[in-house]
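Listed below are the residues making up each chain.
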Amino acid sequence: MGDTLVLVPYDEGVEALRGIPGVRPVRYDPDGPLPREAASAQVLVPPFQASTQVVRLVDQLPELRLVQLLSAGAESWIGRLPAHVALSDCRGAHGGATAEWIVAVLLAVYRELPAFVRSQDAKEWDQHFTDELAGKRVLLVGAGDLAENTGRRLAPFEVATTLVGRRARDGVHGIEDVHALLPDHDATVLVVPLTDATHGLVDARFLAAMPDGGVLVNAARGPVVDTDALVAELRAGRLRAALDVTDPEPLPPDHPLWSAPGLLLTPHVGGGVPGGRRRAFAIVAEQVAAVARGDDPPNLVADGY
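The numbers attached to residues start from 1 for each chain and follow its sequence in the written order. Local features in a predicted model are, by the rule used here, given only for residues with pLDDT of at least 70; side-chain atom pairs are given and counted only at 80 or more, and totals for whole chains, interfaces and linings are based on all residues. As a convention, hydrogens and water are excluded, and side-chain values are obtained from all of the structure's heavy atoms.

## Regarding helix H3 (residues 95–110)
Then comes step 1: Segments assigned H or I by DSSP are reported as helices when at least four residues long, segments assigned E as strands when at least two residues long, and all are numbered from the N terminus. Working rule for helices: expected span equals 1.5 Å times residues minus one. Under the 1.5 Å per step criterion, the end-to-end length of H3 is 23 Å for 16 residues, consistent within 8% with the ideal 22 Å.
Then comes step 2: Each residue is assigned to one of three classes by its accessible area relative to the maximum for its type, calculated with a 1.4 Å probe on protein chains only: buried under 20%, partly exposed between the two thresholds, exposed over 50%. Taken residue by residue, H3 has Gly 95, Ala 97, Thr 98, Ala 99, Trp 101, Ile 102, Val 103, Val 105, Leu 106, Ala 108, Val 109 and Tyr 110 as its buried positions.
Then comes step 3: Following H3 by one or two positions, Glu 112 has its phi on the positive side, about 60 degrees.

## Things to note about the nonpolar core
Then comes step 1: To define a nonpolar core, start from buried Ala, Val, Leu, Ile, Met, Phe, Trp, Tyr and Cys residues and group those joined through side-chain atoms within 4.5 Å. In this structure, Leu 190, Phe 206 and Leu 216 are the most contacted members of the largest nonpolar core, which totals 30 residues.
Then comes step 2: Elements supplying a minimum of two residues to this core: strand S6 (137–141), helix H6 (178–181), helix H7 (204–209), helix H8 (227–236) and strand S11 (240–243).
Then comes step 3: When residues of this core are assigned to their parent elements, the largest contribution, 4 residues, is made by H8.
Then comes step 4: For Leu 216, the residues in contact, after removing those within four places along its chain, are Thr 188, Leu 190, Val 202, Leu 207, Met 210, Val 225, Leu 230, Arg 240, Ala 241 and Ala 242.
Then comes step 5: The next biggest cluster of nonpolar side chains, apart from the first, holds 24 residues, and it includes Val 109, Ala 147, Val 191 and Ala 242. We call two residues in contact whenever any of their non-hydrogen atoms come within 4.5 Å of each other.

## A closer look at the pairing of S11
Then comes step 1: In this scheme, strands are said to pair when DSSP sees at least two bridges between them. The pairing of strand S10 (residues 215–218) with S11 spans 4 bridges and is classified as parallel. Bridge pairing links Leu 216 to Ala 241 in S11.
Then comes step 2: With the strands pointing away from the viewer, any crossover whose connection runs clockwise from the first strand over the helix to the second is right-handed. Regarding topology, H8 serves as the crossover connection from S10 to the parallel S11, and that connection is right-handed.
Then comes step 3: Sheet analysis places S11 next to strand S12 (residues 263–265), joined by 3 bridges and oriented parallel. Considered in S12, the bridge of Ala 242 is made with Leu 264.

Okay, structure coming up:
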């Protein structure tokens, strides 16, 4: 049996896969013609931001058996692959950086850093007490790598965390408990993948169950939240929020989220750090090595996860 040929979009990816027994990485340009070796490629690694054009590359790869993502989110590919082509995500690569963003925005919201920056711009000395992160109760909706990373980073701030997953297990509540848990938590952090089950999960009922003054943090995907319902709560002044993702994304200039009170908004940068690509290709190398051995990749996506 010959080597497993892997199409990789970056030179550093080729280097990361070079030397793995039974693997032959080939560099390709996502926006250009495929190399001649593509006809026998068994694994495709799309770029971080895969366009519709990249998804369509699958039709030109007759021997393809696996699409290996560099991102943890797989929603752009689910349901778009032939039955014989598997999908594997990059779970484990970006959880630490995104968890860092979550801690940063919680601190910023509770210590009112955006308001102090506006006061600095206006040359106003607005000295007053703020809230604090210490002692808060945080509900993590999602119980995977990102939730685990977030819990570890919140622990030194004396924050109590509660995990909610698809199903109940030791230390994790099932999603059916989420509405009952919401009133007892100061902040709710979304760290779930976007699937049919999580699309619109945070609707008007969900938001209404959060306590007055509660903070919603979305580090998942924009469509997990009903945007209109969130805007209504923010305009009422009952809730605050921090969003790294939105629906739609990017936001058009006239969108009401831009001016919604109590909102801290960042443009999908949670995992965008210098070490992200290096960590991603380390995970990809593990997945591809498993395939070359004849095993399933550990991060195989099933039912959206």
